[in-house]
Amino acid sequence: MTRDLRMEDMKGKSDGLAVPSHASTTSNSSDQHDSTMQQISDMEPSHSQHRLIEKRKDPLAKIEDLQVKFFRLLRRLGQSQEDLLVAKVLYRMHLATLIRAGESDLKSVNLSTERSRALASQQEALGVPQLDFSCTILVLGKTGVGKSATINSIFDQAKTITDAFGPATNRIQEVVGTVSGFKIRVIDTPGLLPSSTSNLKKNKRILLSIKRFIRKSPPDVVLFVERLDLINVGCNDFPILKLVTEIFGTAIWFNTIFVFTHSHSAILEGPDGHIVNHDLYVSQCTKLLQRYTHQAVSDSRLENPILLVENHPLCPKNIMGEKILPNGKVWRSQFLLFCICTKILADVNSLLKFQNSVELGPPNSARMPSLPHLLSSLLRRHSVSHPSGMDDEIAQILLNDMEEEDEYDELPPIQILKKAQFEKLSKEQKEEYLDELDYRETLYLKKQLKEEYSRHREKTLLKEQNLSPTDHPDDQQEPPEPVLLPDIAVPVSFDSDCPLHRYRGLVASDQWLARPVLDPQGWDHDVSFDGINLETAMEINKNAYAMLTGQMNKDKQNFSVQSECAAAYVDPRGLTNSVGVDVQSVGNDTICTIHSNTKLRNIKHNIADCGVSVTSFAKKYYIGAKIEDTLLVGNRLKFVLNAGRIVGAGQVAYGGNFEATLRGGDFPARNDNVSLAMTVLSSNKEMVLSGSLQSEFRLGRNSRASVSANLNSRKMGKICIKTSSSEHLQFALVAVFTIFSGLLRTKAADNMSKDEAMDEG
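For the structure given in this document, a descriptive report is provided here.

The rules behind the values
Residues numbered from 1 in each chain as written. Predicted model: local features only at pLDDT ≥ 70, side-chain atom pairs only at ≥ 80, totals over all residues. Heavy atoms only, no water. Helix = DSSP H or I, 4+ residues; strand = E, 2+ residues; numbered from the N terminus. Buried < 20%, exposed > 50% of the residue type's maximum accessible area, 1.4 Å probe, protein only. Contact = heavy atoms within 4.5 Å. Areas by Shrake-Rupley, 256 points an atom, 1.4 Å probe, with all protein chains shown as cover. Pairing = 2+ DSSP bridges. Axes fitted to C-alpha atoms, helices over the stretch in contact; angles between N-to-C directions. Lys, Arg positive; Asp, Glu negative; His and termini not counted. Salt bridge = Lys/Arg side-chain N within 4 Å of Asp/Glu carboxyl O. Phe/Tyr/Trp six-rings, centres within 6.5 Å; stacked < 30°, edge-to-face > 60°. Lys NZ or Arg CZ within 6 Å of the ring centre and 35° of its normal. Polar contact = N/O pair within 3.5 Å; in protein donor to acceptor, adjacent residues only side chain to side chain. Parallel < 35°, antiparallel > 145°, perpendicular 65-115°, else oblique. Nonpolar A, V, L, I, M, F, W, Y, C, P; charged D, E, K, R; others polar. Arc of directions from axis to C-beta.

### Focus on the overall build of the protein chain
Helix and strand counts for the protein chain come out as 18 helices and 22 strands. When the 761 residues of the protein chain are sorted by exposure, 35% land in the buried category. Taking the intrachain contacts of the protein chain between residues at least 6 apart in sequence as the baseline, contacts between residues at least 24 apart amount to 57%. Accessible surface for the protein chain amounts to roughly 46,200 Å². Of this, 55% is attributable to carbon and sulfur atoms.

Okay, structure coming up:
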């Protein structure tokens with residue numbers, strides 16, 4: 001009832017609905033009362049009857065009647081209409097009516113709250129018609145927590161038998177009475193026994209009998225009663241809360257109020273021997289009980305209201321004779337307000353058929369894939385990378401450069417200076433020397449790429465001619481030696497010896513890469529490793545290759561897997577067909593996506609692409625398709641334009657993307673680039689336009705930077721700047737600046753505390 005509400009909107013709506021002055025004035029004159037009654041009777045045959053007939057058919061008119069009833073109840077309880085809880089209820093009622101109202105009814109909906117305030121004031125002043133409101137309350141809780149005493153305090157008279165030394169209620173009974181002019185029906189139940197294996201069957205028998213009793217007349221409000229002075233002393237309510245959830249279902253918690261009795265008793269001392277602050281203690285108990293509830297329903301979104309209750313006859317009272325709590329509030333009127341708000345919202349949901357709009361449970365039970373997210377994934381999907389690491393664009397650039405002579409071999413020899421010799425150079429000579437080394441390094445990288453591409457082409461030609469590598473012994477190369485990957489930094493283990501040797505990674509010639517997955521938050525005995533990561537890329541034959549990446553995690557309760565596998569076939573006529581399967585665990589379910597792409601190079605500098613995808617999740621299927629065209633202008637400029645559509649679960653999403661990329665002059669030896677992209681997505685009659693900028697460049701000879709930024713039409717965006725450097729001096733300067741700024745903040749805080757101490761003195 002109190003979740004996910006925008007407080008600014010509620011305050012604005014609550015403040016803006018002022019009650020007219022003539023509606024709030026009352027008169028004790030019998031003549032004025034008779035004249036007003038005569039006016040009402042005169043209106044009945046012409047207008048009131050017609051309006052009554054319309055209300056029977058129109059749910060929005062029934063909502064207006066509920067608003068009138070709600071304002072009348074607030075007046076009787078003496079509650080302010082500016083109360084935060086009241087504002088939340090009014091906001092929910094207004095929002096619900098706006099969802100169900102048509103365009104022609106929007107104006108009347110916006111004015112309904114103002115009319116309801118005025119009409120409620122008039123009806124309360126005249127007492128016509130009589131207030132027809134009742135509330136059924138179910139009381140649950142362990143034995144001895146004060147359920148029967150709370151019921152007596154609600155009615156302000158002894159309605160049930162209480163016993164301070166044993167269970168007072170041994171059967172289900174109804175208690176009916178009138179409080180503040182409206183009828184309250186309370187269902188008092190036998191107390192549940194403390195959680196234990198022997199008491200489980202007894203508690204289950206009690207709850208099943210309660211379920212049968214309320215089957216014909218479900219309660220409007222549920223009170224779960226617990227003692228405040230005992231809830232945090234080795235008490236674990238989770239087994240009882242779990243049993244209540246299993247028998248009544250998760251829907252029972254929507255209308256549940258947690259009641260803490262003995263709220264005026266002395267609070268226990270803390271670990272340091274001092275009395276714990278009352279509000280802090282209540283907050284801790286609330287979090288503890290709410291956490292048990294989240295575990296019982298497997299959903300952390302639930303947030304139940306808390307009511308503090310004191311039933312002792314010596315409890316302090318105000319001048320009206322009402323029991324007050326340590327915070328100065330009257331708990332009985334607060335309880336009635338909670339019940340009224342819960343019942344009114346339940347009636348609104350029933351009229352507008354919102355009962356099944358929200359369900360509690362594990363996140364995967366109500367979680368569904370977002371169509372715009374699936375469409376974005378389809379539009380941005382990359383092609384299958386070749387085991388050699390070269391895609392079609394890089395291969396085309398290297399093929400064009402093969403005809404040119406290698407500049408690196410034509411360079412004159414250069415003398416590599418030692419550190420002492422380098423220090424003797426002037427500043428200009430140092431710059432020229434470093435520029436020359438950088439230029440030679442770039443040419444050397446280009447030469448290596450060309451040689452690798454040349455070896456790959458020769459290997460492909462040998463396969464096409466059906467020649468084995470043994471026919472050309474001169475071209476044979478020794479298999480690469482296995483490379484030991486660096487060890488992973490592990491947290492401190494509980495063991496005396498950390499078995500790091502079991503988790504070392506090795507890159508062998510079979511192109512399989514296996515690494516352990518480290519869980520830095522883990523508390524397991526085995527040094528926090530709970531998964532494995534696998535990667536491989538292999539060439540099946542001369543025209544087909546495949547790749548596989550995946551990660552598996554397993555702990556004592558859950559198992560999760562994320563994997564991507566794809567295969568591609570290159571047709572000699574220029575077609576490239578690829579198919580892939582992506583699998584990802586989502587809670588206890590699995591989302592699976594099958595995608596296929598066909599790439600056609602119809603012109604030398606133009607690549608056309610089309611693709612389809614099918615996503616399966618929770619027995620629902622989402623089908624998508626896209627078309628894409630890539631235009632290459634020279635070796636540096638690339639334009640990509642694509643569009644797609646995805647359908648599933650009764651929804652449709654459209655979208656498109658345009659991207660322009662400018663590469664550096666040394667590409668592909670150095671991957672300097674800047675990319676601009678514009679994306680438009682449309683789903684459920686909503687359109688979002690976004691733009692992004694991505695760039696990677698060299699700041700200097702030993703440092704690089706990466707900048708990414710995006711902004712959409714909803715005024716949401718992100719900026720990310722990353723830098724890396726191999727110069728130790730720069731890292732030292734960053735550390736010194738961080739330490740220096742931290743010292744300045746500490747000094748400022750100390751000076752502020754000294755000034756405050758002097759002011760107090």
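Now that the structure has been shown, the text picks up again.
### Notes on the sheet that holds strand β6 (residues 306-308)
One open sheet accounts for six strands, arranged β2-β3-β1-β4-β5-β6; its pairing is mixed. In this open sheet, the two edge strands, each paired with only one partner strand, are β2 (173-179) and β6. Going across the sheet, the axis of each strand differs from the next one's by a mean of 25°, ignoring polarity. Bridge count between strand β1 (residues 134-141) and strand β3 (residues 182-188): five bridges; the pairing is parallel. Within β3, the residue paired with L138 across the bridge is I187.

### Looking at the pairing of strand β13 (residues 575-586)
In this sheet, β13 lies alongside strand β12 (residues 559-570) in antiparallel orientation, the contact comprising nine bridges. Bridging across to β13, V570 finds its partner in T576. Adjacent in sequence and paired antiparallel, β12 and β13 are bridged by four residues, among which G574 carries a positive phi angle near 115°.

### Quick look at the side chain of D609
With respect to the helices, strands and loops of the structure, D609 is situated in strand β15 (residues 606-617). For the buried D609, no salt bridge is present, and the opposite-charge side chain at shortest range is K626, 4.9 Å distant. Setting aside its immediate chain neighbours within four residues, D609 contacts N597, T598, K599, K626, I627 and E628.

### Quick look at the packing of aromatic side chains
This structure, assessed with the given rule, holds seven aromatic pairs. Where F133 meets F182, the ring centres are 5.5 Å apart and the plane angle is 80°; that geometry is what we call edge-to-face. Within this pair, whereas F133 is found in the loop between α6 (106-126) and β1, its partner F182 is found in strand β3, the two being separated by 49 residues in sequence. The exposure class assigned to F133 is buried, which follows from its relative accessible area of 6%. Residue F182 is classed as buried on the basis of its relative accessible area, which comes to 3%. A centroid spacing of 5.9 Å and a plane angle of 50° characterise the contact between F422 and Y433, whose relative ring orientation is tilted. With F422 in helix α16 (residues 419-423) and Y433 in helix α17 (residues 427-464), this pair connects stretches of sequence that are 11 residues apart. Neither residue differs from the other here; F422 and Y433 are each classed as buried. Site record: aromatic cluster; members linked through ring pairs are F224, W253 and F258. A cation over an aromatic ring shows up here: K343 above the ring of F133, its NZ or CZ 5.0 Å from the ring centre.

### Focus: the pairing of strand β20 (residues 686-698)
Two strands pair when backbone bridges link them, and strand β19 (residues 673-683) and β20 are joined in this way by 11 bridges, in the antiparallel orientation. The residue bridging N673 from the neighbouring strand is E696, located in β20. Taking the residues that link successive antiparallel strands as the turn, the β19-β20 hairpin has two residues, and the phi of N684 there is positive, at about 55°. Relative to strand β21 (residues 703-712), β20 runs antiparallel, the two sharing nine bridges. In the strand pairing of β21, S692 is matched with N710. Hairpin connection between β20 and β21: a loop of four residues separates the two successive antiparallel strands.

### With respect to the side chain of N673
Following the sequence through the fold, N673 ends up in strand β19. Among the residues examined, N673 registers a relative accessible area of 17% and is labelled buried. Here the side chain of N673 touches N671 through a polar contact of 3.1 Å, landing on its backbone oxygen. The contacts of N673, once residues within four sequence positions are left out, are T661, L662, R663, Q694, S695 and E696.

### A short note on the pattern of salt bridges
Evaluation of the coordinates by the stated rule reveals 16 salt bridges. Between K142 and E226 there is a salt bridge, and its shortest N-O distance comes to 3.5 Å. Taken together, the residues K142 in the loop between β1 and α7 (147-155) and E226 in strand β4 (residues 221-227) connect sequence positions 84 residues apart. Classification of E226 as buried rests on a relative accessible area of 3%. Here E423 makes a salt bridge to K430, at a shortest N to O gap of 3.6 Å. One connected set of salt bridges, linked through shared partners, spans D438, E441, R670 and R698.

### Details of unusual backbone geometry
The phi torsion of most residues other than glycine is negative, and most of the peptide bonds are trans. Phi angles above zero are rare outside glycine, and A618 is one such case at about 55°. Mapping A618 onto the fold places it in the loop between β15 and β16 (620-633).

### Some points on the packing of helix α4 (residues 59-77) against helix α5 (residues 84-100)
Relative to each other, α4 and α5 sit at 170°, their axes nearing to 11 Å. By the angle class used here, α4 and α5 are roughly antiparallel. Note on element contacts: α5 touches α4 through V86, V89, L90, M93 and T97, opposite L60, I63, L66, Q67, F70, F71 and L74. Looking at the contact of α4 with α5, its residues break down into 10 nonpolar, two polar and no charged.

### Let's talk about the environment of T342
For T342, the location among the structural elements is in helix α11 (residues 331-351). What makes T342 buried here is its relative accessible area of 6%. In the structure, T342 is positioned 253 residues away from V89 in sequence and 8.7 Å away in space, judged by C-alpha atoms. At 2.8 Å, the side chain of T342 forms a polar contact with the backbone oxygen of F338.

### Digging into helix α13 (residues 371-379)
Of the positions making up α13, those classed as buried are L371, L374, L375, L378 and L379. One side of α13 carries all its buried residues, which in axial view fall inside an arc of 135°. Of the surrounding elements, those touching the buried residues of α13 are β15, β16, β17 (637-648), β18 (651-663) and β19.

### Describing the environment of F248
Residue position: F248 is located in helix α9 (residues 238-248). Given a relative accessible area of 18%, F248 falls into the buried group. With 38 residues separating them in the primary sequence, F248 and I210 have C-alpha atoms 9.5 Å apart. Leaving out residues up to four positions away in the same chain, F248 has contacts with L207, I210, K211 and I214.

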